[in-house]
Amino acid sequence: MKKTIFVVGAGKGLGNAVARKFGAAGFRVVLMCRNAEHLADYRKEMQTEGIEVAVQAVNTADQTVLAETMQQAVQTYGVPDVLFYNVGITTADADVPGGISTKVMEQRYQVDVMGAYTCIKQVLSEEFSKKQGTILITGGGLSMYPSASYLPLSMDKAALRAMVLALHPVFKEQNVFIGTVQVCDTISGSEKYMPEKIAKQFWKLYQDRTNAEIVY
């Protein structure tokens, strides 16, 4: 039976690169993002590459709806072998109309952090443990080197990192691996940070199941 990866935060950059990396290794890929039209396009592209693909629209800003959607995905496609959470709002603070208000901070936190936790809670189960399930999270260099120009993102990436590091030993006792790649520069901004190269780091985490993070 094929293994399955849920990719929450599918997109032309890192999300789809990780999907392709796992798909090329024989995984069935379930792509998830908000835009159903984009999902349809991504599915067509990957199917032409011989990857088995399904799609599911999700809204990571609403935790109740997200939980219901993830439950539906599990019912439809089964408990995944891998959950990859790749959602984050990366807009510079200076480009936010009206500036960074407490409401904006809260909205960002829901998407960047709580969405990941909600998704984890929906796949974490006895069956996930029996599969020796893997949870992969896209981190960022801002978690270690925060910037006042990206304050919400810095805070949220730090929270994600704390979650992964705290849960890593706990999940290990359940035969579940959780890990993160701290991407320390702009994705696609240089040869080193092309999505395909970062995807290889996530594949390394999946295969090694040892360290909680890779700083890249």
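Residues numbered from 1 in each chain as written. Predicted model: local features only at pLDDT ≥ 70, side-chain atom pairs only at ≥ 80, totals over all residues. Heavy atoms only, no water.

1. As for the packing of aromatic side chains
Here is step 1: Enumeration over the complete set of coordinates arrives at 8 aromatic pairs.
Here is step 2: Ring geometry for F27 against Y206: centres 5.7 Å apart, planes inclined by 80°, an arrangement best described as edge-to-face. Taken together, the positions of F27 in the loop between α1 (14-24) and β2 (28-33) and Y206 in helix α7 (residues 195-208) put the pair 179 residues apart, joining distant regions of the chain.
Here is step 3: Given the relative accessible area of 14%, Y206 is considered buried.
Here is step 4: Measuring from centroid to centroid gives 5.4 Å for Y193 and Y216, while their planes differ by 70°, and the two rings are edge-to-face. Of this pair, Y193 sits in the loop between β6 (177-183) and α7 while Y216 is found in the segment after β7 (213-215), placing the two residues 23 residues apart along the sequence.
Here is step 5: Judged by its relative accessible area of 8%, Y193 is buried.
Here is step 6: Among the aromatic residues, those joined into a ring-pair cluster are F22, F27, W203 and Y206. (Phe/Tyr/Trp six-rings, centres within 6.5 Å; stacked < 30°, edge-to-face > 60°. Helix = DSSP H or I, 4+ residues; strand = E, 2+ residues; numbered from the N terminus. Buried < 20%, exposed > 50% of the residue type's maximum accessible area, 1.4 Å probe, protein only.)

2. A few points about the nonpolar core
Here is step 1: Ranked by internal contacts, the top residues of the largest apolar core, which has 33 residues, are I5, F22 and L31.
Here is step 2: Among the secondary structure elements, those contributing two or more residues to this core are β1 (4-8), α1, β2, α2 (36-47), β3 (53-57), β4 (82-85), β6 and α7.
Here is step 3: The element contributing the most residues to this core is α7, with 6 residues.
Here is step 4: In terms of nonpolar packing, the next biggest core, distinct from the first, is built from 32 residues, F6, A54, Y77 and L167 among them. (Core = buried A, V, L, I, M, F, W, Y, C linked by side-chain atoms within 4.5 Å.)

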